[in-house]
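Reading the structure
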Amino acid sequence: MFPTSVKNTSVLISLSFFALHTYIYPSSSLSYNKKAVVINELGGPECLKLVHNHPTPQLRPGHAIIQNQYAGLNFIDTYFRKGLYKAALPFVPGQEGGGTILAISSDDTNNDSTFQVGDVVVYGTLGAYAQYTLVPVTQLVKVPQNVSLDIAVSCYTQGLTAHYLTTSVHCGMLQTNDWCLIYSVGSGTCQWAAQMAKIQGYKVIGTCSQSKAAAVKQVGACDELIVLKEVEGMSYSDYGSVDIVGKVMDITNQKGVKCILDGVGKSTVDISLGCLAQRGLYVSFGNASGAVPAFPVLRLNAKSAFVTRPKLKDYVQDAEELMGRWGDIMEWVSGGMLKVSVDCVFDLEDVKEGHVYLESGKSKGKILYKI
């Protein structure tokens, strides 16, 4: 636990058989208990419980304590909440956040002094729905002075995911001027991916619901846009309302697309396999409509197709790879090549409403929590 009374900046020294670690933090900013959202049982948004007596994390070697100003809301948060992705109960949800470094370990993972107390940073690790989060130093990235913190937090999970989806996951199978199909370009990760695909020189077919078409056209990232009706009474796309396979084949002269980025899941798997070109790649990276059901691998034989189910962690395997992707994104944002849309900001006290809003399909950009 942190000491109850220390002057200004304090230093704790921990001796072990193997190393000497120094922990530095401004004590005036820390206290024993702070507010956080905790999940004690799995289920719907009602499982998100705001508490005001959550323990402040203890600093560990190779880590920093961040005082959060924003946490990002992503579909992966709903997967953890429902139990599709596993975390030991109870846990604090949230996969990305941003704020100020209040404490940092000066052990060998930070020996180049890349990060210092007071730096404004963004990170991706479980536990962001809280005032304080313990974060591995290797998962921190700095926020450039010309980029606001809300925009930077918006760029982390969705931006990095869109980056690896458009630059790495296809392993060179997608070339300049090749067609790709990207679902749900009106919000979320694919709003980013469409723009990044154009930066890479690919031709983009996007899909979106009627209510988001105007905003998508304003961004101008899609060469062709398939506008879908909305599910009755809801705000998300009805993927059966339009013959997507037929339209894709017409656009591509009956050849199909070389790559599909599909974060929708269950509702689009059959459409995706039908839209692929010979030796095309089906990238299933999300479950917005439910998990993709198992299917026989023999289905890929008709087009000698490829399929992959990637995750961000495997495409930011070390600090160098993370910094490389982050550097590209910050350069594109700073240069006006990448347009970031923050749809709405909820107070952490309204955590349930944020999840309801995300799952309703209404969002037209990034959703954040103000801590």
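This text follows the structure it describes.
The present account deals with the structure reproduced in this document. (Residues numbered from 1 in each chain as written. Predicted model: local features only at pLDDT ≥ 70, side-chain atom pairs only at ≥ 80, totals over all residues. Heavy atoms only, no water.)

1. Observations regarding the packing of helix α3 (residues 157-167) against helix α8 (residues 319-334)
It is the contact of α3 with α8, at a shortest axis distance of 10 Å, that shows an interaxial angle of 100 degrees. One finds that α3 runs roughly perpendicular with respect to α8. Every residue of α8 that contacts α3 at G159, L160, H163, Y164 and T167 is listed here: L322, R325, W326, D328, I329 and W332. Looking at side-chain class alone, the contact of α3 with α8 contains six nonpolar, three polar and two charged residues. (Axes fitted to C-alpha atoms, helices over the stretch in contact; angles between N-to-C directions. Helix = DSSP H or I, 4+ residues; strand = E, 2+ residues; numbered from the N terminus. Parallel < 35°, antiparallel > 145°, perpendicular 65-115°, else oblique. Contact = heavy atoms within 4.5 Å. Nonpolar A, V, L, I, M, F, W, Y, C, P; charged D, E, K, R; others polar.)

2. Concerning unusual backbone geometry
With an omega of -10 degrees, the peptide bond between L89 and P90 qualifies as cis. Counting through the fold element by element, P90 comes out in the loop between α1 (75-82) and β6 (97-105). Backbone geometry at N177 places phi at a positive 75 degrees, although glycine is not the residue there. Structurally, the position occupied by N177 is in the loop between α3 and β10 (179-182). The phi torsion at S184 lies on the positive side, around 55 degrees, for a residue other than glycine. Within the fold, S184 resides in the loop between β10 and α4 (188-199). Residue S184 is classed as partly exposed on the basis of its relative accessible area of 26%. (Buried < 20%, exposed > 50% of the residue type's maximum accessible area, 1.4 Å probe, protein only.)

3. Things to note about the sheet that holds strand β12 (residues 224-228)
A sheet is described by the order of its strands in space; here six strands give the open sequence β12-β11-β10-β13-β14-β15, paired in parallel fashion. A single partner strand is all that each edge strand has here, and the edge strands are β12 and β15 (306-308). If you compare each strand with its neighbour and ignore which way they point, the axes differ by 15 degrees on average. Summarising the sheet, strand β14 (residues 276-284) and β15 pair through three bridges and their orientation is parallel. Of the residues in β15, the one forming a bridge with Y282 is V307. The strands touched by helix α6 (residues 244-251) are β10, β11 (203-209), β12, β13 (257-262) and β14; relative to β12, the strand with the most contacts, the crossing angle is about 165 degrees. (Pairing = 2+ DSSP bridges.)

4. A closer look at α6
Turning to α6, its buried residues are I244, V248 and M249. Down the axis, α6 shows its buried residues gathered within 130 degrees of arc, on one side only. Residues of α6 that are buried in the fold lie against β10, β11, β12, β13, α7 (269-275) and β14. Trailing α6 by a residue or two, N253 shows a phi angle of about 55 degrees, which is positive. (Arc of directions from axis to C-beta.)

5. Observations concerning the pattern of salt bridges
In total, this model carries nine salt bridges according to the counting rule given. Across the pair K82 and E359 runs a salt bridge, and its minimum N-O distance is 3.0 Å. One end of the pair, K82, is in helix α1; the other, E359, is in helix α9 (residues 351-360), and 277 residues separate them in sequence. The partly exposed category is assigned to K82, whose relative accessible area is 48%. With its nearest N and O atoms 2.4 Å apart, the salt bridge here joins E96 to K366. Of this pair, E96 sits in the loop between α1 and β6 while K366 sits in strand β17 (residues 366-370), and the two are 270 residues apart along the sequence. Among the residues examined, E96 registers a relative accessible area of 0% and is labelled buried. Put simply, R81, K82 and E359 are held in one network by salt bridges that share partners. (Salt bridge = Lys/Arg side-chain N within 4 Å of Asp/Glu carboxyl O.)

6. Regarding the pairing of strand β5 (residues 63-73)
Counting buried residues in β5 gives nine out of 11 residues, a clear majority hidden from the surface. By the bridge criterion, four bridges tie β5 to β17 in an arrangement that is antiparallel. The residue bridging A71 from the neighbouring strand is Y369, located in β17.

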